[in-house]
Structures are given as structure tokens and as C-alpha cells.
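Secondary and tertiary structure notes
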Amino acid sequence: MAGEPQSDCLFCKIVEGEVPATIVRETETTVAFRDINPQAPTHVLVIPRLHYPDAASLAAAAPTVAADVLREAGEVAAEEKIDGHGFRIVFNTGAGAGQTVFHAHAHVLGGRGLNWPPG
């Protein structure tokens with residue numbers, strides 16, 4: 001059920017401490033950790049502690065937590081010192097968009113030029 005930990009979800013296991021991750025920030029509602037397959041010099045994932053399968057369902061069911069994820073993405077960018085040079089926040093929603101873990105998460109990317117359009 002949405003909002004509750006899922007036993008088969010990698011990110012729920014990271015939140016619970018069952019799977020190790022390099023955590024860079026934690027709040028009451030979010031966890032931020034380094035991506036294990038970074039696509040830029042800075043590549044940090046910011047996830048809600050609650051389980052929602054994607055950003056759209058998170059925003060619909062828990063808009064304040066969705067806002068927390070975005071705020072924390074900005075805090076990560078500041079701590080990683082990429083906020084002054086530009087950074088990207090990406091939410092992949094659905095397999096066709098490249099989502100591989102179906103727990104809402106924001107990618108914070110920076111530290112190199114990020115061309116447009118992406119992909």
C-alpha cells in the first residue's frame with residue numbers, strides 16, 4: 001500500500017537501514033544518498049521515507065512530503081557546492097522514462113555541463 005514500507009523495495013530497505021548507502025542528508029521525511037551508478041560528478045538521490053511508486057503519486061497523496069523532497073534537493077546542491085554553477089533535479093516516472101526503482105526519488109545532478117535536451 002502506498003505510504004507504507006514495501007518489503008521488496010530497495011529504497012525502503014535503505015530507509016530502514018537494511019541496505020547500506022552513502023547517506024549525505026536525513027530529515028524526518030527524507031533521506032539523501034549517493035547514486036551507486038553516478039551520471040555526473042555529483043549524483044545524489046533524495047527520497048521520501050514514505051513509499052510512493054513515483055513522483056506523481058507522491059505529489060497527489062502527500063504534497064508536503066513532495067515539497068520536502070524538492071527542498072532537500074536544493075540543500076544537497078548547496079552542500080555539494082553545485083548550486084552556484086547550476087544543477088538538475090530529475091524525477092523519472094515510469095519504466096519508459098528510465099525509472100528502475102519504483103519508489104519516488106529525485107536525482108540531483110551537477111558538477112559538469114548538463115546539455116539540453118537530456119537523453
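Relevant structure appears above.
Here goes a summary of the coordinates provided.

Rules used in this analysis
Residues numbered from 1 in each chain as written. Predicted model: local features only at pLDDT ≥ 70, side-chain atom pairs only at ≥ 80, totals over all residues. Heavy atoms only, no water. Buried < 20%, exposed > 50% of the residue type's maximum accessible area, 1.4 Å probe, protein only. Helix = DSSP H or I, 4+ residues; strand = E, 2+ residues; numbered from the N terminus. Pairing = 2+ DSSP bridges. Expected span 1.5 Å × (residues − 1). Contact = heavy atoms within 4.5 Å. Axes fitted to C-alpha atoms, helices over the stretch in contact; angles between N-to-C directions. Salt bridge = Lys/Arg side-chain N within 4 Å of Asp/Glu carboxyl O. Phe/Tyr/Trp six-rings, centres within 6.5 Å; stacked < 30°, edge-to-face > 60°.

Let's talk about the pairing of strand S2 (residues 30-34)
- Along S2, 4 of the 5 residues are buried, which leaves the element largely enclosed by surrounding structure.
- Joining the antiparallel neighbours strand S1 (residues 23-26) and S2 is a turn of 3 residues.
- Examined bridge by bridge, S2 and strand S3 (residues 42-48) share 5 bridges and lie antiparallel to one another. In the strand pairing of S3, Phe33 is matched with Leu45.

What about helix H3 (residues 63-79)?
- Along its 17 residues, H3 runs 24 Å from first to last C-alpha, staying within 8% of the 24 Å computed at 1.5 Å per residue.
- Buried within H3 are the following residues: Val65, Ala66, Asp68, Val69, Glu72, Ala73, Val76 and Ala77.
- Close packing links the buried residues of H3 with S1, S2, S3, helix H2 (55-61), strand S4 (87-90) and strand S5 (106-110).
- Immediately downstream of H3, the backbone of Lys81 shows phi near 60 degrees, a positive value.

With respect to the sheet that holds S3
- Pairing is antiparallel across the open sheet formed by 5 strands, whose spatial order is S1-S2-S3-S5-S4. The open sheet has two free edges, formed respectively by S1 and S4, since each of these has just one partner strand. Shown here is a sheet whose adjacent strand axes are inclined to one another by a mean of 20 degrees, direction ignored.
- Here S1 runs beside S2; their pairing, made up of 3 bridges, is antiparallel. The partner of Arg25 across the bridge, within S2, is Ala32.
- The strands touched by H3 within the sheet are S1, S2, S3, S4 and S5, with S3 carrying the most contacts at an inclination of about 155 degrees.

Observations regarding the pattern of salt bridges
- With the rule as written, the count across this model stands at 6 salt bridges.
- Its salt-bridge partner being Glu72, residue Arg25 comes within 2.5 Å of it at the nearest N-O pair. Remark: Glu72 occurs in helix H3 and Arg25 occurs in strand S1; sequence separation between them is 47 residues.
- Connected through salt bridges with shared partners, the residues Arg25, Asp68, Arg71, Glu72 and Glu79 form a single ionic network.

Quick notes on the packing of aromatic side chains
- Summed over the entire model, instances satisfying the criterion amount to 1 aromatic pair.
- Residues Phe11 and Phe33 carry aromatic rings whose centres are separated by 5.4 Å and whose planes lie at 75 degrees to one another, so their mutual orientation is edge-to-face. Highlighted residues: Phe11 in helix H1 (residues 10-15) and Phe33 in strand S2, separated in sequence by 22 residues. For the pair Phe11 and Phe33, one class covers both residues: buried.

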